[in-house]
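Observations on chain architecture
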Amino acid sequence: MSLADGRTRDLRLAGLHKQYPNGFAAVQSLDLEIPQGSFFALLGPSGCGKTTTLRMVAGLEVPTAGTIHIGDQDITHEKPYKRPVNTVFQNYALFPHLTIAENVEFGPRRRGEKDVSAQAKEILELTELTEQASKKPAQLSGGQQQRVALARALINRPEVLLLDEPLGALDLKLRRAMQIELKRIQEEVGLTFVHVTHDQEEAMTMADTVAVMNLGVIEQMGTPYELYTNPRTTFVANFLGRSNLIKGTVLGREGSGADAVVKVDMHGTVVTISAARVHTESSEGWVGIRPEKVLIQPEGTPIDAPGDHFSGAVVTGSSYIGVSTEYELLMPWGQEITCFEQNTGRRGGLVPVGTRVDVSWRPEFAFLLDSSQDAEAGIQET
Amino acid sequence: MAALQRALGRNSAYLLVGPAALWLGIFFVIPMISLLTTSLSDPAGSPIYGYSMTWRFENYVDVVADYWPYLVRSFVYAGIATVLCLILGYTLAYAIAFKAGRFKTLMLVLVVAPFFTSFLVRTLSWKLILADNGWLVETLKTLHLMPEDGRLLATPIAVVAGLTYNFLPFMILPLYASLEKIDPKLNEAAADLYANPFKRFWNVVWPLSLPGVVGGTLLTFIPASGDYINASLLGNPNTQMVGNRIQSLFTTGSDYPHAAALSVILMVLIVVMVMVYVRRAGTEDLL
Ligand SMILES: Nc1ncnc2c1ncn2[C@@H]1O[C@H](COP(=O)(O)OP(=O)(O)O)[C@@H](O)[C@H]1O
Ligand SMILES: [Mg+2]
C-alpha cells in the first residue's frame, strides 16, 4: 500500500499539538501514521493525552497546530458529523431515551440511509445483541452496553474506528473475553481500529502496532515484540513489562554491520550489547535486562548458560507465583534487581532467601538506554 | 424484635404521610366539597344568610351561556403566553445549562430574583412601563414603529405580555432542571454519529428535555388560565378573562353559586386539557 496508488486511506497525524485554554499542552507535536485496516493501540498512563488525541481525530477538539489526514484528504478542520470516523466513548454515551436498536440506527438514519433496519439487524447479530434490541440502555449490563456502543459505531463502517478505553469499565474476566471479541470483530470487518488503553497487556495482545505515549508525546512505536525486546527509553522499558536498569560506562564499539556490539563496563564486569539495541550517544548509560532473561544459580554449582556473568549476588526476597517465582537479588554494587524464573521443577524447590548466587544473562537480550533518563520513569505502582 | 421493627416501620409510614394528608384534607377536600355544593345551590340566597343546596344544575348552563367567551379568551391568552414562555424560557434555560459557565448560579439567581417583590407590585410597574405617555410608547412612536394613536396599555398585547412576564420563571426552572441533567457527552456522541447541530437538538436534546417542557408548560398554562390580575391591571373591559368574571361574581355580584359553577367548569376544563396534553406528549411515565 502506498500513497501513489491513491487508494490507501491511512490515518496520518502530523505535528499535532493541543493546548487547552488553561495553557496546558496535553499533546505535543505528535506524528503518527496508522495503516488502513490495522489494529493500532495507543498506550500510555492516565493523563498522557490519549483521549485528547482521539478527540482531535474525531473532530470534538480543534488542534492548536498540525494536521490530520485520511489518505490525502485533510480532515483537520472538518466538522465531526462530516468525518468518516466514529468513536466508542469511554463511558459509552448511549442515548438513554432510545432503545438499543434505535441507538444503533442513529448514525445511518442521520445520514438518510436506506434499509437501516436490515443493517441494524446484521450488526446486532455480529455483536450478539439481537435479544436486547427493544430494551433501553439502562436495562443492560456493562458488557452489553459496551457492545451497543461498539455496534452503534460499527454500523456506519467508518474508515477509522476510535475506541477510548472501551473495556476500562468492565471487570477483568469480561475484559479478557471482550478483548478476544473485539479482535475477532476487527478481523471480520477489516476497518482501521485505533484502540486507546492504559493496560499494556491489552495493547500487546490485541494490536498489530502499539504507540507508547507519555506526557503528550509518542515515546516509541512498533510491534509489541519490537517494543518489548528493544525499548528505546526508560519509560517504555518500565511501562511495557518490567526492566532491570543498571548504570554502566560505555567502553567502545566493536565489529561492524549486524554484528556490531558496544562494550559496557557495568560495575567492574564488561558486558556486550548489540549495537541495534544501543539508544544513547553518551559515555554512560542504563543497561537494561528483562527479569525473565536473568538466570541465577547458587554459588559453587555450574551455571549452564553462556553470557555475561556476575558473582557475589544474594537472594533477598522471593515470591512464589505458581507458574514462576520472582526473586529479588542484591548485586555486589548494592543495587536490587529482579529475576523471574519459570518453575520447571529443574531446581527441585525454591532458592532460599540469603543464598549467595551467580547471575548471568545472554548479551543479545540486553539493551542500553540514555543515562539522562529517569530509571524510574513509567514504573506502575501496583 | 424484627416484628416490632416491622410494626414500627408500618406506623412510621403513616406518621410521615399524616401531616400532608391532614393538610390536604383541611385545605383541599373540604373547600372542594364546599365549592361543589355552593355551585349546585339556589342563587336566591345571600352570602350572609347562606344558600340552599337544591341540585340546581342550571347554574352551570347559565354560566356557560353567559361567560363562554371569557373561557375561550382565557385559554387563548394563556396558550399564547405559554408558547411565548416556552420559546423565551427554553432559549434562556439552554443558555444557562450549557453556555453560562461560571455565570450559571448568578443567572439562576436572576431568574428567581423577581419573586423577592410582590406579584402585584411587579404587574403594577408594567402599567407604568406600558402607559400611554410612558417612555416605551413615546420611543416607539418617535421611531415610527407605532402609529400616533396607538397604545400598549389596555390592549390584549399588554395582558399577554404581563402573563408571559409573570409566569416565565415557572417555565425556566423545570426546563433548566431537565436540560442541566443532559450529559454533554451525548451531544458529542450525536455529533460523532453524523448529526448536525439541528439534528442533535431535535433527536437528542429536545426529547431528553421533554419532562421539563411538560412540567414548565403546565406550571405556566394552569395558573395563567385562571389569572385575573394581569387582565384587570393591564387590560380593558374587552380583554377580561374568566378569572375576572369569577372574581366579580364573588365580590361585586355576591352571586356565589354562579361563581362556584364557573370555577368548577374552569377547573374541569383545565384537568381535561392537561390529561389530553400529557398523553399526547407521551410523557406519562416522565411525570
Ligand atoms: N478541557 C481540558 N482543559 C484543560 N486540561 C484538560 C482538558 N481535558 C484534559 N485536560 C488535561 O490534559 C491531560 C490529558 O488528558 P487526556 O487526553 O484526557 O488523557 P488520557 O486520556 O490519556 O488519560 C490531562 O492532564 C488532563 O487533565
Ligand atoms: Mg482518557
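Whatever comes next refers back to the structure up there.
Everything numeric here is computed off the predicted structure, so don't read it as measured data.

What counts and how
- Residues numbered from 1 in each chain as written.
- Chains lettered and ligands numbered in written order.
- Predicted model: local features only at pLDDT ≥ 70, side-chain atom pairs only at ≥ 80, totals over all residues.
- Heavy atoms only, no water.
- Helix = DSSP H or I, 4+ residues; strand = E, 2+ residues; numbered from the N terminus.
- Buried < 20%, exposed > 50% of the residue type's maximum accessible area, 1.4 Å probe, protein only.
- Contact = heavy atoms within 4.5 Å.
- Areas by Shrake-Rupley, 256 points an atom, 1.4 Å probe, with all protein chains shown as cover.
- Lys, Arg positive; Asp, Glu negative; His and termini not counted.
- Charge placed at Lys NZ, Arg CZ, Asp CG, Glu CD.
- 1 Å grid on protein atoms, 1.4 Å probe; cavity = no way out; pocket = protein on both sides within 12 Å on 5 of 7 lines; lining within 4 Å.
- Points joined across faces, edges and corners; volume = space filled by probe spheres on them.
- Nonpolar A, V, L, I, M, F, W, Y, C, P; charged D, E, K, R; others polar.
- Pairing = 2+ DSSP bridges.
- Buried area = accessible area lost by both parts, 1.4 Å probe.
- Salt bridge = Lys/Arg side-chain N within 4 Å of Asp/Glu carboxyl O.
- Polar contact = N/O pair within 3.5 Å; in protein donor to acceptor, adjacent residues only side chain to side chain.

Turning to the overall build of chain A, a few remarks are in order. Within chain A one finds eight helices and 20 strands. Each of the 382 residues in chain A was classed as buried or not, and the buried ones make up 54%. Within chain A, residue pairs in contact and separated by at least 24 positions form 66% of the contacts whose partners lie at least 6 positions apart. With an accessible surface of roughly 17000 Å², chain A has 50% of that area assigned to carbon and sulfur atoms. Here chain A contributes 36 positive and 48 negative side-chain charges, whose respective centroids are spaced 7 Å apart.

This paragraph deals with empty space enclosed by the protein. All names here are of chain A. Counting across every chain of the model gives one cavity of 30 Å³ or more. Looking at the largest cavity, its volume works out to about 40 Å³. The set of elements that each furnish at least two residues to the lining of the largest cavity consists of strand E1 (11-19), strand E2 (25-34) and helix H1 (50-58). Top contributing element to the lining of the largest cavity by residue count: H1, with three residues. Residues of the lining of the largest cavity, tallied by class, amount to nine nonpolar, one polar and no charged.

Residues and elements named next belong to chain A. The buried count for strand E3 (residues 39-43) comes to five of five residues, which makes it a mostly enclosed element. Burial of E3 is two-sided: the residues Phe39, Ala41 and Leu43 facing one way and the residues Phe40 and Leu42 facing the other way are all buried. Here five bridges tie E3 to strand E8 (residues 192-197), and the two strands are oriented parallel to one another. Bridged to leucine 42 within E8 is valine 196. Relative to strand E9 (residues 209-214), E3 runs parallel, the two sharing four bridges.

With that settled, the discussion passes to the interface of chain B and chain A. Contacts between the two partners involve 18 residues from chain B and, on the opposite side, 22 residues from chain A. Summing both sides of the interface, chain B and chain A together bury roughly 1800 Å²; the carbon and sulfur share of this comes to 65%. When the area that chain B buries against chain A is broken down by residue, the three leading residues are B:Asp192, B:Leu193 and B:Tyr194, summing to 43%. Taken together, chain B and chain A are joined by one salt bridge. The salt bridge partner of A:Arg55 is B:Glu188, with a shortest N-O separation of 2.7 Å. Linking chain B with chain A are seven residue pairs in polar contact (both at pLDDT 80 or more). Secondary structure elements with two or more residues in the side of chain B that touches chain A: helix H7 (184-192) and helix H8 (197-226) of chain B.

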